[in-house]
Structures are given as C-alpha cells and as structure tokens.
Amino acid sequence: MKSMLLTKNNWFIIGPVATLLGFFINAIYIGLDTVFSVQNIGICIILFTVLVNLAILPLTIKQQKSSKLQSVMQPEAAALQKKYKGKTDQASMMKYQEEQRALYAKYGVSMMGMCGTMLIQMPILFAMYQVVYAIPAYVGRVYDVYTGLVDKLLVTNGAQEFLQQFATQARVDFEKSGFVANKIVDVLYNFRPENWTQLAEQFPDMQDIIMSTASTAEHINSFLGINIADAPMSIIQNSWAARDFLPLIVAIAIPVLAGLTQFINTKLMPQAPAQEGQEENAMSSSLKMMNTWMPLMSVFFCFTFSAGIGIYWIAGSVVRSVIQVIVNKKVNKIDVDEMVKQNLEKYN
C-alpha cells in the first residue's frame with residue numbers, strides 16, 4: 001500500500017477527501033471479493049457512487065429543497081429587483097437589502113446556507129471522480145494485480161521508452177515523475193487489449209507474466225462484455241471490425257445513457273419562472289443553453305474517456321434524479337401559506 005501513495009491525487013482539499021473516499025471504495029472491493037468472490041471494478045464503482053451519494057443525502061436534500069423553494073419565491077424576488085432597479089442611493093440600497101432579507105426569511109431560504117452546502121458537496125464530487133479515474137491508486141487488490149509485472153519492467157532495458165508512447169492517455173509524465181512503480185501501474189491500468197499484445201511482442205521473455213497480468217486485468221475490468229478501462233470509441237472500432245455486437249451496443253449505450261440521465265437530471269431540477277425584461281431573458285436563455293449543451297458534452301467525453309467514467313456518471317445522475325423526484329414531491333406537498341406564516345413568526 002505504501003507505494004500507492006505517490007499516485008494518489010494531491011490537490012488542495014480534493015486530495016485528502018479523495019484519500020478518505022479511497023478507503024471507502026477499497027473496503028467495498030474487499031467486501032465484494034471476500035464475501036461474494038466478485039472481483040469487478042464496474043460493480044464496485046456503481047456501489048461506491050450510490051453509497052457516497054446516500055451518505056451525503058442530508059446535504060443534497062437541504063440544497064435541493066432550498067433550490068426548489070427559491071424557484072417558488074422567484075417571482076417575488078424578481079418584483080423586488082424591478083422595484084429598486086436603477087436606485088443606487090444609499091437609502092434605497094439599504095431598504096432593498098432589508099426587504100430582500102425579509103423575503104428570504106419568509107420562505108426560510110438562506111443564500112449563505114445554500115453556498116455552504118454546495119461548498120461541502122463540491123470537493124466530495126470532485127474527489128469521487130479522481131478516485132474512479134485512478135482506481136489502482138485507492139484499491140490495493142487492483143494495484144497488486146500489476147506489481148509482479150511492474151517489478152520486472154523496472155529493471156528491463158527499453159521498458160520506459162516503450163511505455164512512454166502510452167503515457168499520455170494515462171496522464172503520466174515519466175520525465176517529471178520518474179520511471180517509478182506507481183506511474184507504471186497508471187499506464188498499465190489504461191492499457192487496451194492491443195496494447196498488451198504489443199507489450200508481449202516487444203518483450204517476449206516476459207510474455208507469460210504479461211499475458212497473465214492482462215488476463216487478470218481484463219477479468220476485474222470486465223462489465224457487460226466490455227473492458228471498462230478502455231474508451232467506448234476504441235471498443236466500438238474493435239467490435240465493429242470483429243462483428244462482435246454486444247460490446248458494440250454496450251459501448252454506444254454508455255455515452256448515450258450518460259448524456260440522457262444528465263439531461264433528465266437537469267429537467268428535474270427546479271426551474272425559475274420566465275421573467276420579463278431583456279436581462280432576465282438573456283440569463284434564462286443562457287441557462288437553457290447550458291442545460292442542453294452539458295449533456296451533449298457528457299456524451300462526447302464519455303466516448304473518449306474510459307468506460308468506467310461513463311458508468312460513474314450514469315450511476316451518479318440516476319441517484320441524483322431519484323433524490324430530486326423525492327424532494328420535488330415533498331416540497332410540492334408543503335403548505336406554502338403555513339410555512340410562510342411560521343417563518344415570519346420566527347423572523348419577527
């Protein structure tokens with residue numbers, strides 16, 4: 001485990017959070033392996049994504065409930081902005097701030113509370129992505145799959161030069177990091193089936209251990225007939241050439257589902273009512289455009305990233321959509337008049 005530390009994310013805040021989440025995904029993998037004899041990274045990623053989202057459920061509900069209530073009070077907030085539009089004198093500004101505070105208190109919404117909740121959630125979400133992207137850095141039994149081969153490559157002439165051509169797709173810079181074990185694991189984890197064949201042909205004396213490592217890596221990365229360490233675009237090309245249609249269908253489905261689930265997620269989010277005025281319409285149009293383009297960008301990225309990233313995005317979007325449906329139903333049942341009455345009493 002000690003050798004894994006160097007390959008972990010070390011960004012400010014994100015790094016420590018990723019390390020904590022790494023213990024969690026490592027425990028999930030060990031549990032699946034020990035209890036069910038299942039060594040499967042795809043299943044591990046799905047369980048990890050679902051369980052972490054459930055762990056931060058109170059924060060998610062609080063944030064989404066505030067968003068929903070903000071959409072309810074939006075017409076009054078817009079009317080208040082219109083009332084004081086163009087009034088820049090100190091008295092008007094103070095009066096506007098006073099009425100704005102009263103409006104937020106009326107609906108029990110706090111901008112600082114929302115920002116605080118998002119500030120807690122964002123490092124967790126970014127850290128989850130880093131963990132899923134670099135599974136061997138956080139899951140000891142996956143890292144161990146490669147150690148035997150790595151030990152031989154470290155003392156083999158020409159190994160660094162050969163692996164250098166695959167370093168870019170694994171975001172590895174041997175010149176900066178050095179030809180060290182953890183970086184070699186990063187490169188090998190991102191190997192495609194043809195890359196293993198090329199490695200075996202380049203170093204025939206190590207063919208047995210290379211093909212054994214490749215077989216184990218394919219086993220743990222196999223999910224619905226594809227290797228999730230491979231990019232869907234590469235899987236599509238290889239499957240089409242081999243006329244193997246199951247991997248082809250799965251490889252197409254992952255990016256499409258990633259975009260579709262994200263699109264559904266954005267549609268379920270509270271939408272502010274359309275407001276009058278050129279500035280408000282421009283803002284509304286920009287938001288709609290972003291909600292349209294982001295799912296399309298997800299489709300594009302999921303074709304080029306590893307399939308495991310796409311599975312992670314799909315699982316996350318599905319969980320968030322389910323939570324949003326529950327929050328929407330709960331908020332829709334709220335007696336707004338009674339809530340406003342209680343909030344005003346509390347505010348006064």
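Now for a description of the structure that goes with this document. Everything numeric here is computed off the predicted structure, so don't read it as measured data. (Residues numbered from 1 in each chain as written. Predicted model: local features only at pLDDT ≥ 70, side-chain atom pairs only at ≥ 80, totals over all residues. Heavy atoms only, no water.)

### Quick word on the overall build of the protein chain
Defined as follows: For helices the rule is a DSSP run of H or I covering at least 4 residues; for strands it is a run of E covering at least 2, with both sets numbered from the N terminus onward. Accessible area is worked out with a 1.4 Å probe on protein chains only. A residue is then buried under 20% of its type maximum, exposed over 50%, and partly exposed in between. By the convention used here, residues are in contact when the closest approach between their heavy atoms is within 4.5 Å. Counted as positive: Lys and Arg. Counted as negative: Asp and Glu. His and the chain ends are not counted at all. In this description, the location of a charge corresponds to atom NZ of lysine, CZ of arginine, CG of aspartate or CD of glutamate.
Tallying secondary structure elements over the protein chain gives 17 helices and two strands in all. Counting over 348 residues, the protein chain shows a buried share of 44%. Pairs at least 24 apart in sequence give 76% of the contacts found in the protein chain among residues at least 6 apart. Each charge class in the protein chain was averaged separately, 27 positive and 25 negative side chains, and the resulting centres sit 12 Å apart.

### Here's the deal with a negative patch on the surface
The following threshold applies: Patch membership needs two things, relative accessible area over 30% and no salt bridge, and members are linked within 9 Å if like-charged or within 5 Å if nonpolar (Val, Leu, Ile, Met, Phe, Trp, Tyr). Note on areas: Shrake-Rupley, 1.4 Å probe, and residue coverage restricted to the protein chains presented here. We count a salt bridge whenever a side-chain nitrogen from Lys or Arg sits within 4 Å of a carboxyl oxygen from Asp or Glu.
Taken together, the side chains of Asp 335, Asp 337, Glu 338 and Glu 345 define an acidic patch exposed on the protein surface. Mapped onto the secondary structure, Asp 337 falls in helix α17 (residues 336–347).

### Points about the packing of helix α14 (residues 245–268) against helix α16 (residues 307–332)
Cut-off, in case you're wondering: For helices, the fitted line uses only the C-alpha atoms of the stretch in contact; every axis is such a line through C-alpha atoms, and the angle between N-to-C directions lies from 0 to 180 degrees. Orientation categories follow fixed angle ranges, with anything under 35 degrees roughly parallel, anything over 145 roughly antiparallel, 65 to 115 roughly perpendicular, and all other angles oblique. Crossing handedness: left-handed means the near helix sits turned counterclockwise from the far one by under a right angle, and right-handed means the same turn made clockwise.
It is at 8 Å that the axes of α14 and α16 come closest, and there the two elements cross at 25°. Regarding the angle of α14 to α16, the classification is roughly parallel. Seen from above, α14 lies across α16 with left-handed handedness. Contacts from Ile 254, Leu 257, Ala 258, Thr 261, Gln 262, Ile 264, Asn 265 and Leu 268 of α14 reach α16 at Ala 307, Gly 310, Ile 311, Ile 314, Ser 317, Val 318, Arg 320, Ser 321, Gln 324, Val 325 and Asn 328.

### A closer look at the packing of aromatic side chains
The condition that has to hold: Geometry of aromatic contacts follows a simple scheme: Phe, Tyr and Trp rings, the Trp one being its six-membered ring, pair when their centres are within 6.5 Å, and the pair is stacked under 30 degrees between planes, edge-to-face over 60, tilted otherwise. Only when the NZ atom of a Lys or the CZ atom of an Arg is both within 6 Å of the ring centre and within 35 degrees of the ring normal do we say a charge sits over the ring.
Taken as a whole and judged by the stated rule, the model has 12 aromatic pairs. Between Phe 24 and Phe 48 the ring centres are 6.2 Å apart and the planes differ by 50°, which places this aromatic pair in the tilted class. Remark: Phe 48 occurs in helix α2 (residues 41–55) and Phe 24 occurs in helix α1 (residues 14–36); sequence separation between them is 24 residues. Ring geometry for Phe 301 versus Phe 305: centroids 5.5 Å apart, planes at 20°, classification stacked. Assessed through its relative accessible area of 31%, Phe 301 is described here as partly exposed. Taken together, the aromatic side chains of Phe 162, Phe 166, Phe 191, Trp 196 and Phe 203 make up a single cluster linked through ring pairs. We note Lys 87 situated over the ring of Tyr 84; from NZ or CZ to the ring centre the distance is 5.5 Å. Over the ring of Trp 240 we find Arg 243; its NZ or CZ atom is 4.6 Å from the centre of that ring.

### Describing the nonpolar core
Threshold: Definition of nonpolar core: a set of buried residues of the types Ala, Val, Leu, Ile, Met, Phe, Trp, Tyr and Cys, connected through side-chain atoms within 4.5 Å.
Among the nonpolar cores identified, the biggest contains 73 residues, and Tyr 146, Leu 163, Leu 188, Trp 196 and Leu 199 are the most heavily contacted of them. Look past the residues within four positions of Trp 196 in its chain and what remains in contact with it is Tyr 146, Leu 149, Leu 188, Phe 191, Ile 210, Met 211, Thr 213, Ala 214 and Ala 217. Core analysis: the second largest hydrophobic core is formed by 16 residues, Leu 69, Ala 77, Tyr 84 and Val 331 among them.

### What to know about the pattern of salt bridges
Enumeration over the complete set of coordinates arrives at four salt bridges. The partner of Lys 83 in a salt bridge is Glu 99, with the nearest N and O atoms 3.2 Å apart. Highlighted residues: Lys 83 in helix α3 (residues 57–83) and Glu 99 in helix α4 (residues 90–107), separated in sequence by 16 residues. For Glu 99, a relative accessible area of 21% gives the class partly exposed. For Asp 230, the salt bridge identified is with Arg 192, shortest N-O distance 3.1 Å. Of this pair, Asp 230 sits in the loop between β2 (226–227) and α13 (232–242) while Arg 192 sits in the loop between α10 (181–189) and α11 (193–202); the two residues are 38 residues apart in sequence, bridging distant segments of the chain.

### With respect to the side chain of Asn 265
Within the secondary structure, Asn 265 is located in helix α14. Not counting residues up to four positions away in its chain, the partners in contact with Asn 265 are Ser 317, Arg 320 and Ser 321.

### What to know about the environment of Leu 119
Within the fold, Leu 119 resides in helix α5 (residues 111–133). For Leu 119, a relative accessible area of 64% gives the class exposed. Between the alpha carbons of Leu 119 and Asp 144 there is a distance of 35 Å; along the sequence they are 25 residues apart.

### Brief notes about the environment of Lys 65
Its location among the elements puts Lys 65 in helix α3. The spacing of Lys 65 and Val 327 is 262 residues in sequence and 6.3 Å in space, taken between C-alpha atoms. Not counting the four nearest positions on each side in its chain, Lys 65 is found in contact with Val 327, Val 331 and Ile 334.

### Regarding unusual backbone geometry
For Ser 37, which is not glycine, the phi torsion reads 55° and is therefore positive. Of note, Ser 37 is situated in the loop between α1 and α2. The backbone phi angle of Leu 224 is positive, close to 55°, even though this residue is not glycine. Along the chain, Leu 224 turns up in the loop between β1 (222–223) and β2.

### Focus: the packing of helix α8 (residues 159–167) against α10
Stated precisely, the cut-off is as follows: Amino acids outside the nonpolar list (Ala, Val, Leu, Ile, Met, Phe, Trp, Tyr, Cys, Pro) and the charged list (Asp, Glu, Lys, Arg) are all regarded as polar, and Gly is one of them.
Contact geometry for α8 and α10: axes closest at 10 Å, N-to-C directions at 55°. The orientation of α8 with respect to α10, classified from their angle, is oblique. Considering how the two elements wind past one another, α8 and α10 form a crossing that is left-handed. Of the residues in α10, those in contact with Leu 163, Phe 166 and Ala 167 of α8 are Ile 184, Val 187 and Leu 188. Residues that form the contact of α8 with α10 fall into these classes: six nonpolar, no polar and no charged.

Fair warning: the whole summary comes from geometry, so function is off the table for now.
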